Each structure stands twice: as C-alpha cells, then as structure tokens.
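Fold and contact review
The residues making up each chain are set out below.
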Amino acid sequence: MNRRNLVWLIVAAFAIWPIVVKLTTDRWPTPENSLDFAGGVRLLYEMDQQDAIVKGLTTDGQKQQALQQTKDTFLFRLRDFDLSELSVRTIGNTSLVVEAPGTEQIDAVLDKVGHAQVISFRILDDDASSEPNGCFHFRRDRQCQRVGRPVLEHKDFVYWNTRSQQDTDKPGSYVVVLRVAQQSLEKWKSVTKQYYHQRLAICLDEEITTAPVIEAEDIGADAEITGYQTASNAQDIANLLKAGPLVVSFNLVDQKIVSPTLGAASFHRARILIPAAVAAISLLLFLAYSNRKHLVYMIFVCQLVQASAIYLLAWRGYLTLNLLSVCALVILSGVSVDGLILICEEFERQMREEKGLTPRTTSQILTLALAKERWIIVAANLMSLTTVMPLYFLKGGVQSLVVTMAVGTLLAVLTTLMLAPNILRSDWIMDGIRRASRVAPHLKLRFNLFAMNKTFLTIYLTAFLASLVLIATTGFLKGIDFVSGAEITITSDRGLDMDLLTSKANEFLGRRCSVRHLSSGGFEPGGPQTYVFQVPGAELQLNTATAFVQSLQSVVPGSLRLAGVSSLGAAVTGMTRQSTIYVMMAGLGLLAILLLWQYQPIVAAAIWLALIGDTVITVGSISLFNIPLSLPIVSALLTVAGYSVYDSIVVARHVSMDVRALGHNDEQFNRCLESLSRRLILTVTTTALAALMIAIFCQDLLRDFGIVMTTGAVFGMMSTAAIVVRGLKSVNSGVSTRAVPRAIATTGS
C-alpha cells in the first residue's frame with residue numbers, strides 16, 4: 001500500500017469511527033462533559049457546632065479560619081480526580097459546598113472527601129534498614145528508614161493553619177508553618193523536650209513526608225519546618241500535611257445533582273449557530289477559491305480529521321468539554337484553517353507564475369510551497385503556546401483549556417504539514433488544479449497592506465485609547481469566581497426555564513448572576529426542584545431575597561418558596577490568584593526571550609506592543625459590555641493573547657523570508673504584504689465568524705466569550721497590520737539572519 005492510499009484510509013477511519021462505535025455498542029460515543037454541559041454532584045457540609053466548642057473555635061474569625069483550612073483539605077483529598085470544574089466554596093462561617101462534574105462519581109467523591117490519611121509523628125532512626133517491620137519509605141524514594149512507635153497521633157494531636165512562606169532568617173529559603181491547637185500544646189511541648197536534637201518523621205499512612213530535626217526544647221504553638229529551597233517544594237509539603245484529620249468535624253447535610261451551568265436554550269442555540277457559521281465559512285472559502293475549488297476540498301477533509309480526532313479524545317476522557325475548552329476550540333478552528341490557507345496561498349501564487357503545468361511541475365510547486373511555509377507554521381504555533389502553557393500548572397478548568405489548546409495545536413500542525421500535502425498530491429486533486437480556470441476568483445481580497453497602514457493604525461490607536469479610558473473610569477465587574485457574594489435558594493413544584501430565571505435575576509438584582517438547578521434525582525418537569533442563585537459582590541438581606549422571589553412568581557408558573565439566603569465565598573482564592581500571576585509572568589518572560597532570540601529588537605518590540613494592545617482592547621470590550629470577570633473570560637483573554645502572537649509571527653516571518661529572497665526594496669516589500677492581505681482577511685473571518693454569531697444570538701456566558709473572541713480576532717489582525725508591519729518596514733529586512741535558516745530562505749518565491 002502506497003502512502004497516498006494509506007492517507008485516504010486514515011481519513012476514512014476518522015470519518016466512520018463513530019458509526020462503528022454505534023454499531024458495536026448500540027450507542028453513540030458521548031464525550032466526557034463538565035458542569036457547564038452535563039452537570040454533576042453538589043455536596044453541602046455543615047460544621048459540627050459541638051465539636052467546634054470542644055476544639056475552642058468560639059469566635060467567627062476562628063471558625064472562618066477553620067473553614068478555609070477545611071476547604072484546602074477537601075481540595076487536596078480530591079486531587080486524584082480528573083475534575084476540570086471542581087469547585088469548593090465557603091458559605092457563611094460554618095458551611096462548605098463541593099461541586100464536581102459527573103453524576104456517576106458521587107460515591108467516589110463522597111469517599112474521597114470523607115477519607116483522611118492517617119498522620120503520625122515518629123522518631124526516625126537514621127540507620128537504613130531492609131527489615132519490613134517498623135520500616136517506612138520516604139515519599140518519592142524507595143529508601144527504607146526504621147521508625148519508632150508514634151509519639152504523636154492524629155487522635156491526640158491537632159494542628160491547623162498549615163502554610164508555606166519565606167524564611168525570614170535565610171533569604172531565598174522557604175519554611176512550612178503549622179499551628180498547634182491549644183488542646184494539643186502540652187503534649188507537643190513534652191515531645192519536643194524529650195526528643196530534642198532528634199529527627200521527627202511526619203508520616204502519612206506508612207510513608208514519610210518529611211523528617212526535620214527538633215532544634216528547640218520548647219518550639220511553641222507555631223512550628224516551622226525549614227530547609228526548602230523552592231516555594232513549590234514547601235507548598236507541596238504543606239498540602240500533604242493538610243491531608244490529615246480536619247480541624248473540626250463537618251457533617252454532610254445535603255447531597256444533590258446539579259444541572260449544567262448553561263441553560264438548555266443557550267446550549268441548543270449554540271449547537272445550531274456553530275454549524276451555521278461553518279456553512280458561512282464554507283461559502284467564503286468557495287468564493288475566495290472559486291477558480292481552484294479542489295483546495296477547498298482539501299481544507300474540508302483536514303478539518304474533518306481534526307474535529308473527529310478531538311471528538312475521539314474527548315470521548316476517551318483525555319479532553320473535558322467545558323466552556324473553557326470550547327473557548328479554545330473556537331480560536332483553534334481559525335488557526336488550523338490559517339495554516340492550510342498559508343499553504344494554499346503560496347501554492348496558488350506559484351501556480352499563477354508558472355507558464356505550463358504538468359504533473360511534475362505541479363508537484364514541484366507544492367514541494368516549494370511546503371518548504372517555505374513549514375517552519376512559519378511551526379514557529380507561529382509554538383510561540384503562541386508559550387503564552388498559555390505555564391498555566392497548565394494551575395488546577396481546575398484553566399488546566400483543561402491549556403490541554404485543549406496544546407492538543408488542538410498539535411493536531412492542526414500535523415494535519416497541515418503531513419495530511420494536507422498528501423491529499424494535495426492525490427491524482428484527482430492535481431488533475432482538478434491543472435484543469436482549473438486561470439480567471440480570477442469571485443473574491444480577490446487583495447489590497448496594499450502598507451498603503452493602508454495609517455488607516456489601520458488610526459483605528460487601532462483610537463480603540464486602544466478608548467479602552468484605556470473605559471478601564472480607568474468604568475473598570476470591570478468581578479464575577480463569582482473572584483469575589484464573595486450571596487446565595488439565594490428557592491424551591492418550585494415544577495421545572496423552570498433556566499434562561500428566564502437568569503435574565504430575571506440579572507434584571508432584579510442588578511448583577512450578573514449564575515443559576516444552579518439542583519435535584520435529589522433527575523430533573524423531571526413535574527417533580528419538586530431546587531434552584532440556587534449565586535450573586536457576586538452582594539450582601540443580600542432576607543427582605544431583598546423575598547422581594548426577588550415575589551417578582552419571579554409573577555413571571556413563572558407554579559409555586560415558589562424561598563428556602564434560604566447565605567453568604568458565599570470566592571472560588572479563586574488569593575493563593576490561586578498569586579499562582580496565576582506567577583505563571584503568566586513566566587509565560588510572557590519566555591515569550592520575550594524567544595522573540596529577542598529570533599527577531600531584531602524593533603520587530604520583537606512591535607510584536608510585544610501588538611500583544612499588549614490586543615489585551616487592553618479586549619479588556620476594554622469586557623468593560624464596555626459589562627462582562628463579569630470569570631475564569632472562562634480570563635481563559636478567553638489567554639487564547640486571544642495566543643492568537644495575537646500567532647498572527648504577528650506568521651506575518652513577520654513570512655515578510656522576512658520573502659524580502660531576504662527577493663531583495664530589500666519597497667516594491668518587493670509591498671508585493672509581499674499584498675500577497676498576505678488575502679490570508680489576513682480569510683483568517684480573521686473564519687476565526688471571528690462563529691464567535692460573532694454566538695455573541696449576537698446567545699446569552700450569558702456564551703455571549704460573553706463570543707464578544708471576547710470576536711474582539712480579539714478582529715483587533716489581533718488589525719494590530720498586525722498597524723504595528724507589526726510598521727516595525728518590519730522600519731528595519732527593511734524585518735527579521736535578523738538568526739530568524740531565517742538559509743536553506744529555507746532560498747526556497748521562497
């Protein structure tokens with residue numbers, strides 16, 4: 001079997017595998033979904049008040065601190081779950097709510113939340129031993145250490161407020177601090193006095209977490225474990241110590257199924273609009289390549305394979321479909337088409353210049369086009385990922401976004417550089433291209449990009465300054481992910497329209513609210529149902545909540561009852577925000593290093609300015625449309641940043657290679673930009689069209705990220721035309737010799 005037949009066999013396999021699954025299992029493959037699309041489980045825990053009194057937790061401050069410690073412990077106990085939408089929130093000073101996707105995991109979630117690893121403190125014998133009795137292993141090390149009987153156990157030793165921080169005595173080092181509870185302080189002092197200068201092994205089950213030396217006879221209530229060289233190592237140990245018993249007992253008081261975040265109407269509307277956008281994009285491509293329709297066929301086949309591969313990965317559980325991953329897929333759809341358009345544009349340009357077409361010359365032209373575009377596509381995709389890849393080390397839904405972008409980018413590169421060339425070399429496509437008319441396509445979409453630079457720059461600077469004014473004067477709302485708020489719980493004797501409930505809550509309460517639909521078993525319209533409204537940045541009184549329920553009663557059927565009003569803590573805490581800032585700075589720093597290594601300082605600075613400008617304008621659109629800042633919106637901003645870098649790199653590298661190959665004069669520079677103008681229009685249209693339709697016709701979260709995606713795509717193209725092109729012009733050749741391998745530069749047009 002030759003390579004071309006193998007390629008078509010692979011295409012056929014990706015096209016029919018869902019049908020094969022249906023025939024063999026009698027059910028269509030269903031991807032693993034999240035709370036956004038499939039719902040999950042909601043557990044409500046209440047602090048045991050009697051145990052709180054016994055533990056000395058009498059003030060609101062002490063209870064709140066214990067609540068935060070328990071929240072961290074729950075998150076750590078659930079660390080082995082692949083739950084991209086896992087959420088643990090505080091309610092008031094005495095309650096915790098856990099939300100996790102996947103109703104089939106209820107028992108497993110309950111088991112993990114209720115399981116505390118046995119923690120013990122033992123004196124360590126430094127002599128290694130191979131004897132199995134009384135011998136524990138260090139974490140991440142198979143070395144066996146002999147330990148004595150426990151001198152402290154979780155039953156009689158209670159500690160809390162475990163945290164990592166910088167060592168004030170040794171700059172650059174970090175310590176782990178744990179506070180011994182008052183009822184365990186005397187026992188703690190006796191142990192430190194008796195075993196002074198010996199190593200105290202802190203063990204989880206039968207594994208040694210750490211073994212510090214007791215350096216004082218009376219350490220006090222705040223014990224420090226020193227000697228960690230990095231903040232991550234110290235935090236890792238602090239997290240492990242939280243896996244032990246809770247500071248205070250919590251009782252499970254409610255267990256319910258939670259509905260999808262998105263209302264059914266919004267979800268079904270989006271499922272209709274996205275195919276409509278695909279049809280519009282298809283029409284655009286056919287008009288742009290009306291003289292060479294076989295190039296469009298190739299694009300369709302590659303997109304089919306990519307979509308099928310992503311669906312397969314989601315079905316097998318390697319990708320989780322939530323709002324963040326959908327956000328990434330919207331941008332990736334445009335980026336993947338762009339790589340194919342780059343090959344098509346270069347292939348068509350060289351075909352126009354060729355006088356006589358034979359099978360040999362057509363194949364040679366394809367080889368030249370691929371040689372020129374290959375490293376442009378690879379470099380642009382890799383650099384765009386540097387802005388988001390560090391966020392993989394954060395937990396939660398953001399991690400699923402990074403995984404989706406990395407997998408989607410890899411698939412786009414593979415299909416563009418491996419699948420597309422073999423499809424183009426197929427006899428039926430080659431024959432169709434050679435027989436194609438040489439007349440111009442219906443949509444030329446070519447213009448002098450540099451001649452319009454001042455126009456683009458004026459529009460872009462106007463939008464940039466307007467965004468700065470909006471951000472400075474209006475600011476932006478923080479959603480329930482980032483600020484505390486209130487939670488209103490109502491019950492109804494029947495199922496209600498979630499989109500209607502959300503719109504009425506936004507109108508009455510004056511804030512962007514989210515609604516959860518809870519049930520003890522299913523969401524049958526005729527049964528009693530519970531609805532929870534989460535209101536960010538609000539402290540609601542009982543009379544306000546009562547008036548809200550009365551306003552709802554006038555527009556919805558059935559009987560409503562106010563079940564409760566309580567305060568709600570933020571899902572993203574200070575530690576998470578700090579970690580986010582650190583990893584974002586790491587990504588931007590890596591991007592700066594790569595740009596300076598690849599490009600002259602002026603071009604690197606132009607790409608950086610375009611990235612900053614696109615981010616500011618997109619944040620300005622968030623302020624203009626009063627969009628609450630939430631994790632999906634932050635993730636949308638990150639994908640916009642990746643798209644901005646991608647677009648800038650494509651143009652910068654393309655212009656550099658053409659100018660070096662053809663000469664450093666204005667005519668060649670303008671010709672190169674004119675050949676790229678068509679690609680710019682096609683890419684921004686394919687990227688923004690689906691997002692724009694979602695922004696216009698959908699509501700709430702889908703509308704929000706549709707606006708962000710559309711703004712980012714349009715102004716990402718404009719920043720390239722306004723800023724990056726001017727930077728390239730200022731250095732004439734655009735890119736330093738380090739950026740363009742000589743063997744590639746000579747294969748250009």
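From a predicted model like this one, the values you see are computed outputs, not experimental measurements.

Concerning the side chain of Thr70
Relative to the assigned elements, Thr70 resides in helix 3 (residues 60-77). We classify Thr70 as buried; its relative accessible area is 1%. Polar side-chain contacts of Thr70 include one of 2.8 Å to the backbone oxygen of Ala66. If sequence neighbours within four positions are ignored, Thr70 has contacts with Leu96, Leu246 and Phe250.

Remarks on the pattern of salt bridges
The full count for this structure, using the stated rule, is six salt bridges. Across the pair Arg679 and Asp647 runs a salt bridge whose closest N-O atoms are separated by 2.7 Å. In this pair, Arg679 sits in helix 19 (residues 666-697) while Asp647 sits in helix 18 (residues 631-662), placing the two residues 32 residues apart along the sequence. Comparing Arg679 with Asp647, the two get one shared label, buried. Residues participating in the shared-partner salt-bridge network are Asp338, Asp647 and Arg679.

What to know about the packing of aromatic side chains
A full pass over the atoms with the stated rule returns seven aromatic pairs. Centre to centre, the rings of Phe286 and Tyr297 are 6.1 Å apart; their planes meet at 70°, and the pair counts as edge-to-face. With Phe286 in helix 7 (residues 264-288) and Tyr297 in helix 8 (residues 293-315), this pair connects stretches of sequence that are eleven residues apart. On the basis of relative accessible area, Phe286 is assigned to the partly exposed category, the value being 25%. Tyr297 gets classed as partly exposed once you look at its relative accessible area, which sits at 30%. On the numbers, 5.1 Å between centres and 85° between planes, the contact of Phe533 with Phe548 is edge-to-face.

Comments concerning helix 15 (residues 542-553)
For the α-helix, the turn length of 3.6 residues means that residues three or four positions removed from each other point alike. Taking 1.5 Å of rise per residue, the twelve residues of helix 15 would be expected to cover 16 Å, and the 17 Å separating its terminal C-alpha atoms lies within 8% of that figure. Buried within helix 15 we find Ala545, Phe548, Val549 and Leu552. The buried side chains of helix 15 occupy one side of the element, clustering within an arc of 95° when seen end-on. Every exposed residue of helix 15 that faces more than 90 degrees away from the buried side is listed here: Asn543 and Gln550. The inward-facing, buried residues of helix 15 contact strand 13 (485-492), helix 14 (498-509), strand 15 (529-536) and strand 16 (560-568).

What to know about the side chain of Lys372
Tracing the backbone shows Lys372 in helix 10 (residues 359-385). Within polar-contact distance, the side chain of Lys372 engages the side chain of Glu346 at 3.4 Å.

Thoughts on the pairing of strand 15
Most of strand 15 sits inside the fold, with eight of its eight residues counted as buried. Burial of the side chains of strand 15 extends over both faces: Gln529, Tyr531, Phe533 and Val535 are buried on one face and Thr530, Val532, Gln534 and Pro536 on the other. Bridge analysis of strand 13 against strand 15 gives eight bridges, and the strand direction is antiparallel. Note on strand 15: the bridge partner recorded for Ala486 is Val535.

A look at helix 17 (residues 601-624)
For helix 17, with 24 residues, the first-to-last C-alpha span of 34 Å sits near the 34 Å given by 1.5 Å per residue. Looking one or two residues beyond helix 17, the residue adopting positive phi is Asn626, at roughly 60°.

Concerning the packing of helix 13 (residues 453-473) against helix 17
At a minimum axis distance of 8 Å, the contact between helix 13 and helix 17 shows a crossing angle of 55°. In this view, helix 13 runs oblique relative to helix 17, as classed from their interaxial angle. In this structure, helix 13 crosses over helix 17, and the sense of that crossing is left-handed. Of the residues in helix 17, those touching helix 13 at Tyr460, Ala463, Phe464, Ser467, Leu468, Leu470 and Ile471 are Ala610, Gly613, Asp614, Val616, Ile617, Val619, Gly620, Ser623 and Leu624. Looking at side-chain class alone, the contact of helix 13 with helix 17 contains eleven nonpolar, four polar and one charged residues.

Some details on the nonpolar core
Tyr289, Met298 and Val655 are the most contacted members of the largest nonpolar core, which totals 87 residues. Apart from the residues lying within four places of it in its own chain, the contact partners of Val655 are Phe669, Cys672, Leu673, Leu676 and Leu728. One finds Phe121, Leu152, Trp188 and Ile225 within the second-largest nonpolar core, a separate group that totals 26 residues.

Quick notes on unusual backbone geometry
Here the phi dihedral of Asp26 falls at roughly 65°; this positive angle occurs in a residue that is not glycine. Along the chain, Asp26 turns up in the loop between helix 1 (3-25) and strand 1 (40-47). The phi dihedral of His197 is positive, around 75°, even though this residue is not glycine. Here His197 is to be found in the loop between helix 5 (185-194) and strand 9 (200-204).

Thoughts on the packing of helix 14 against helix 15
Remark: helix 14 packs on helix 15, axes separated minimally by 11 Å, with the N-to-C direction vectors making an angle of 135°. With respect to helix 15, the element helix 14 is oriented oblique. For the pair helix 14 and helix 15, the crossing hand works out as right-handed. Facing Leu501, Lys504, Ala505, Phe508 and Leu509 of helix 14, the residues of helix 15 in contact are Thr544, Ala547, Phe548, Ser551 and Leu552. Its residues placed into classes, the contact of helix 14 with helix 15 shows seven nonpolar, two polar and one charged.

Focus: the environment of Glu186
Counting through the fold element by element, Glu186 comes out in helix 5. Separated by 34 residues in sequence, Glu186 and Gly220 have C-alpha atoms that sit 9.6 Å apart.

A short note on the confidence of the model for the protein chain
For the protein chain, per-residue confidence averages 76 on the pLDDT scale, and 78% of positions sit at 70 or higher. When mean pLDDT is taken per element in the protein chain, helix 13 scores highest with 91 and helix 21 (residues 742-745) scores lowest with 34. For the stretch residues 521-525, pLDDT sits under 50, and the model shows twelve contacts to residues farther than four places along the chain or on other chains. Low pLDDT, under 50, characterises residues 733-749; the predicted model gives this stretch 45 contacts beyond four residues in sequence or across chains.

Quick notes on the rules
Residues numbered from 1 in each chain as written. Predicted model: local features only at pLDDT ≥ 70, side-chain atom pairs only at ≥ 80, totals over all residues. Heavy atoms only, no water. Helix = DSSP H or I, 4+ residues; strand = E, 2+ residues; numbered from the N terminus. Buried < 20%, exposed > 50% of the residue type's maximum accessible area, 1.4 Å probe, protein only. Polar contact = N/O pair within 3.5 Å; in protein donor to acceptor, adjacent residues only side chain to side chain. Contact = heavy atoms within 4.5 Å. Salt bridge = Lys/Arg side-chain N within 4 Å of Asp/Glu carboxyl O. Phe/Tyr/Trp six-rings, centres within 6.5 Å; stacked < 30°, edge-to-face > 60°. Expected span 1.5 Å × (residues − 1). Arc of directions from axis to C-beta. Pairing = 2+ DSSP bridges. Axes fitted to C-alpha atoms, helices over the stretch in contact; angles between N-to-C directions. Parallel < 35°, antiparallel > 145°, perpendicular 65-115°, else oblique. Left-handed = near helix turned anticlockwise from the far one by under 90°. Nonpolar A, V, L, I, M, F, W, Y, C, P; charged D, E, K, R; others polar. Core = buried A, V, L, I, M, F, W, Y, C linked by side-chain atoms within 4.5 Å. pLDDT = per-residue confidence, 0-100.

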